[in-house]
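# Examining the three-dimensional arrangement
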Amino acid sequence: MYSLTGGRTAPRTDLAMEALVSSATSAQLGTNHTREYRAISELCRQIRSVAEVSALLAMPLGVARVLIADMEAEGLVRIYQPQLDAGMPNRNLLERVLSGLRRL
């Protein structure tokens, strides 16, 4: 995992574990991208949370956060950060996260 992230333990941008991720391209990534990038891109054809990506790929959450943030910087995925009101996530977001966790 150390080599996947270049030794980084945190993403370059703030990325919440409940942030939603979707593939930015409909085409499959080629062999010029890592196996992990290809797996994340394929998995995110359906919108997934960062936590779901981590769990479904059996990848530590910190590694998933770093890779997803790097992929966003390259334009490979889109990230939808949760909107927080007064520091608290809204009920709709919590229900979606709970629903996603139940599907795991």
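Now for a quick tour of the structure.

Here is what the cut-offs are and how they apply
- Residues numbered from 1 in each chain as written.
- Predicted model: local features only at pLDDT ≥ 70, side-chain atom pairs only at ≥ 80, totals over all residues.
- Heavy atoms only, no water.
- Helix = DSSP H or I, 4+ residues; strand = E, 2+ residues; numbered from the N terminus.
- Buried < 20%, exposed > 50% of the residue type's maximum accessible area, 1.4 Å probe, protein only.
- Contact = heavy atoms within 4.5 Å.
- Patch = residues over 30% accessible without salt bridge, like charges linked within 9 Å, V, L, I, M, F, W, Y side chains within 5 Å.
- Areas by Shrake-Rupley, 256 points an atom, 1.4 Å probe, with all protein chains shown as cover.
- Salt bridge = Lys/Arg side-chain N within 4 Å of Asp/Glu carboxyl O.
- Pairing = 2+ DSSP bridges.

The next thing to look at is the environment of Leu56. With respect to the secondary-structure elements, Leu56 resides in helix H3 (residues 50–56). Relative accessible area serves as the criterion here: at 40%, Leu56 is assigned to the partly exposed category. With 16 residues separating them along the chain, Leu56 and Ile40 place their C-alpha atoms 9.6 Å apart. For Leu56, the contacting residues outside a window of four places in its chain are Leu43, Arg48 and Leu104.

On to a nonpolar patch on the surface, then. A cluster of nonpolar side chains, Leu56, Leu101 and Leu104, forms an exposed patch at the surface whose accessible area comes to about 270 Å². Assignment of secondary structure puts Leu101 in helix H5 (residues 91–103). For Leu101, a relative accessible area of 47% puts it in the partly exposed group.

Our focus in this paragraph is the pairing of strand E3 (residues 77–80). Only one face of E3 is buried, namely the one carrying Val77 and Ile79, since none of Arg78 and Tyr80 on the opposite face is buried. Of the pairings in the sheet, the one linking strand E1 (residues 20–23) to E3 comprises four bridges and is antiparallel in character. Its bridge partner being in E3, Val21 is matched across the sheet by Ile79.

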